[in-house]
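Analysis of the macromolecular model
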Amino acid sequence: MRGTAVAAIALTLVTTACAKDSGNNASSTNAAGAACEFSTPPSAPPATSTTATDSQKVDGSALKVGLAYDIGGRGDASFNDLAAAGFDQAIKDMGVKKENTRELSAAPNEDESAKQTRLRQLASEGFNPIVGVGFAYTESLKVVAPEFPNVKFGLVDSAVEGAANVTPLVFAEQEGAFLAGVVAAYQSKKCHVGFVGGVDIPLIQKFEAGYNQGARTAAPKVKIDKKYITPAGDFTGFQDPPKGQEAAKGLIDKGADVVYPAAGASGIGVFAAVKQAGVLAIGCDADQYSQPALAANRDVIVASSLKRVDVAVYDFFRAAAKNDLASLPKVFDLKVNGMGYATSGGKIDAKLQGILEGYKAQIIEGKIKVASQL
């Protein structure tokens, strides 16, 4: 179900540091002068060609499609922008009329009733299908979905048990984060890396768990520090660049020279701190090197882990239009192109690229099981 159209989505989203020697016992010197030894990496799999599995034209000209964003909305250079890209591409490919589209955004720490009102507004005005972008819509959909049994809802990052008209669009975030951890280990000059989480919740802990496992699989002695911007319940951690900058500075002051944020729009501040300190960063969710909002600091972004919310949103709208929601994957993981990585900017050399492909293949084949929690 991923053909040329989805490839077009990827194109829409699309401090110098060379990858270290990737052979066994390759090392980097940390601040204390100790060496960081790398495990023997897997070999890259043979190159294979891929073809579109479903190029059938879908007519959505009669549809009214709606999108309810999480906090940050369109323009966050991350999670919501990916949803927007999938939304835009689906509209274009299916011929949906502009007047038959609607986008609404959430506010930080808004009442649950506001989310319910937003979803009811879309459904009562005849929008169908509708996607709620983010697990924050879970409780609201438990209430609203039964009120509109004929409306097809998609829910990013969560599920509503017993609601037949709510399709979960969930991801194996830990798999993409694993690859980010491998990059971090190889790019660190001090064998010391950091993780910034937006909010201390299970979803973001999946990113942390995968990142830690990837870094330690590549370099067992790597030092990893972390900082969450806000505790569970306070979702401003996803939309506070100054606090993101402060969190990253704290990790850098401790010695981390590669920082990976899973923090939504707060990542903008993380990259600013990284740039100021002259160290490196890894993007999250989108190909953040290519995001216009991050142009001033993109030179520090050596790679990005990709959470293909664009693919999931696009596929949901397309499947809903075909009345074929059962065709969607249960989990958007590396195997179905729901997770991945980007190396825009040319900072990752061919050797490290091969290592990443080797680890990716082992995860897809099940030889490496990536934990979703520490």
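Here's a quick rundown of the structure. Keep in mind that this is a model prediction, so the values were computed, not measured.

Following the criterion strictly, the structure yields 15 salt bridges and no others. For Glu147, the salt bridge is made with Arg120, and the minimal N-O distance between the two is 2.8 Å. A residue pair is termed long-range when its members are at least 10 positions apart, and Glu147 in the loop between α4 (138–144) and β4 (153–156) and Arg120 in helix α3 (residues 112–124) qualify at 27 residues. Among the residues examined, Glu147 registers a relative accessible area of 40% and is labelled partly exposed. With a relative accessible area of 27%, Arg120 lands in the partly exposed category. Ionic pairing is found between Glu139 and Lys142, a salt bridge with its closest N-O pair at 3.0 Å. You can see Glu139 and its partner Lys142 sitting in helix α4, three residues apart, about one turn around the helix.

Attention shifts here to unusual backbone geometry. Following Asn128, the chain continues to Pro129 via a peptide bond in cis, the omega torsion being 10°. By the secondary structure assignment, Pro129 is in the loop between α3 and β3 (130–132). Phi angles above zero are rare outside glycine, and Asp157 is one such case at about 75°. Looking at the secondary structure, you find Asp157 in the loop between β4 and β5 (166–169). With a relative accessible area of 13%, Asp157 lands in the buried category. The backbone of Asn337 sits at a positive phi, close to 70°, despite the residue not being glycine. Relative to the helices and strands, Asn337 resides in the loop between α9 (309–321) and β11 (339–342).

On to the packing of aromatic side chains. In this structure the tally under the stated criterion is eleven aromatic pairs. Pairing Phe38 with Tyr186 gives two aromatic rings, centres 4.2 Å apart and planes at 10°, and the pair type is stacked. Separated by 148 residues along the polypeptide, Phe38 in the loop between α1 (4–12) and β1 (65–68) and Tyr186 in helix α5 (residues 173–187) bring together distant segments of the chain. Phe38 sits in the buried class, given a relative accessible area of 2%. Judged by relative accessible area, which is 0%, Tyr186 ranks as buried. Here the aromatic rings of Phe178 and Tyr359 are separated by 5.7 Å at their centres, their planes lie at 65°, and the arrangement is edge-to-face. With Phe178 in helix α5 and Tyr359 in helix α10 (residues 350–365), this residue pair connects regions lying 181 residues apart in the sequence. The pair Phe178 / Tyr359 is uniform in exposure class, with both members buried.

Quick notes on the rules
- Residues numbered from 1 in each chain as written.
- Predicted model: local features only at pLDDT ≥ 70, side-chain atom pairs only at ≥ 80, totals over all residues.
- Heavy atoms only, no water.
- Salt bridge = Lys/Arg side-chain N within 4 Å of Asp/Glu carboxyl O.
- Helix = DSSP H or I, 4+ residues; strand = E, 2+ residues; numbered from the N terminus.
- Buried < 20%, exposed > 50% of the residue type's maximum accessible area, 1.4 Å probe, protein only.
- Phe/Tyr/Trp six-rings, centres within 6.5 Å; stacked < 30°, edge-to-face > 60°.

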